[in-house]
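# Structural description and commentary
So you can see what is in the structure, the chains are spelled out below.
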Amino acid sequence: LSIMLGSVYHIGGAFKKTLRALSFIPIPYSSGDDTEYEDRFSDVKSVDLNCALLNIEIEEGDVSDLEVSYEGREELLPEFQLDEKTGTLHISQRNDQHLSDAHRDSDLTISIPEGTALSGLSIRLDLGNVDLDEISANDVTIDVDLGNVEGEDLDTKNLHIEADLGNVELYDTKFEN
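Reading guide: rules and limits
- Residue positions are given per chain, counting from 1 as you read along its sequence in written order.
- In view of the model being predicted, local features appear only for residues whose pLDDT reaches at least 70, and side-chain atom pairs are presented and counted only at 80 or more, with totals across whole chains, interfaces and linings using the full set of residues.
- Excluded from the side-chain calculation are hydrogens and water; included are all heavy atoms of the structure.
- Helix numbers and strand numbers start at the N terminus; a helix is a DSSP run of H or I with at least 4 residues, a strand a run of E with at least 2.
- Only protein chains enter the area calculation, which uses a 1.4 Å probe; residues under 20% of their type maximum are buried, those over 50% are exposed, and those in between are partly exposed.
- Nitrogen and oxygen atoms within 3.5 Å of one another constitute a polar contact, given that in protein one can donate a hydrogen and the other can accept it, and given that sequence-neighbouring residues count only through two side-chain atoms.
- A cavity, in this analysis, means grid points on a 1 Å lattice covering only the protein atoms where a 1.4 Å probe fits yet has no way out; a pocket is instead an open set bounded by protein on both sides within 12 Å along at least five of seven lines, and a residue lines either one if it has an atom within 4 Å of a point.
- Grid points are joined across faces, edges and corners, and a volume is the space filled by probe spheres set on the points.
- All amino acids are sorted into three groups, where Ala, Val, Leu, Ile, Met, Phe, Trp, Tyr, Cys and Pro are nonpolar, Asp, Glu, Lys and Arg are charged, and the leftover types, Gly among them, are polar.
- The predictor rates its confidence in each residue with pLDDT, a number between 0 and 100.
- For this analysis, residues touch if any pair of their heavy atoms sits within 4.5 Å.
- Note on terminology: a nonpolar core comprises buried Ala, Val, Leu, Ile, Met, Phe, Trp, Tyr and Cys residues joined through side-chain atoms within 4.5 Å.

## A few points about the side chain of T156
Mapped onto the elements, T156 comes out in strand β12 (residues 155-165). Look at T156 and you get buried, because its relative accessible area is 6%. At a separation of 3.0 Å, a polar atom in the side chain of T156 contacts the main-chain carbonyl oxygen of N158.

Now the structure itself:
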């Protein structure tokens with residue numbers, strides 16, 4: 001019984017209202033509202049993402065500053081904070097998000113100026129896919145619990161990828177360690 005309740009709780013589905021009626025199982029109501037957000041950041045030297053439920057695409061783009069673009073559920077909109085002292089852009093999402101309505105996409109696209117080499121790129125993701133295209137960074141660390149990691153034309157000195165449940169596909173990638 002507990003496995004069934006846990007599965008329904010984490011995945012959502014037809015029994016959500018019944019489980020909400022049981023006060024001992026906290027399942028948040030989802031407003032269902034979608035939102036869009038765009039911003040740009042200058043002098044970014046590294047990017048640190050710590051997110052719960054998100055599809056992430058990081059690409060080299062024809063932009064003058066690092067640009068972020070989010071489309072998805074309003075309650076999953078990440079927070080963006082640039083540490084001007086270190087040049088690290090911290091992108092975080094509350095980790096108390098439940099996986100109800102997980103089938104609805106929340107997408108974050110990060111465009112890095114052409115020819116920019118980051119000192120570091122760190123991604124910690126609970127659920128979602130990571131897609132990297134034409135990225136150069138000294139250190140790249142990716143840790144995904146449930147989702148796929150795909151990279152093409154990556155150039156890094158140190159590469160560390162952990163994907164607990166999902167595929168990892170790399171094409172035309174250069175790394176030393």
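## Topic: empty space enclosed by the protein
Per the stated rule, a full pass over the model turns up 1 cavity of 30 Å³ or more. The calculated volume of the largest cavity comes to roughly 30 Å³. Considering the residues around the largest cavity, the lining is formed by L121, L132, I135, V140, L154, D155 and T156. Classifying every residue of the lining of the largest cavity gives 5 nonpolar, 1 polar and 1 charged.

## Brief notes about the confidence of the model for the protein
The predicted structure's coordinates, where accompanied by low pLDDT, should not be read in detail. Of all residues in the protein, 76% attain a pLDDT of 70 or more, and the chain-wide mean is 85. Confidence drops under pLDDT 50 across residues 13-29; counting only partners more than four residues distant or on other chains, this segment forms 20 contacts.

## A closer look at the nonpolar core
Among the nonpolar cores identified, the biggest contains 34 residues, and L49, I58, I110, L121 and I123 are the most heavily contacted of them. For this core, the secondary structure elements donating two or more residues are β2 (46-53), β3 (55-61), β4 (66-73), β6 (88-92), β7 (107-113), β8 (117-127), β9 (130-133) and β10 (136-146). Residue contributions to this core peak at 5 residues, all from β8.

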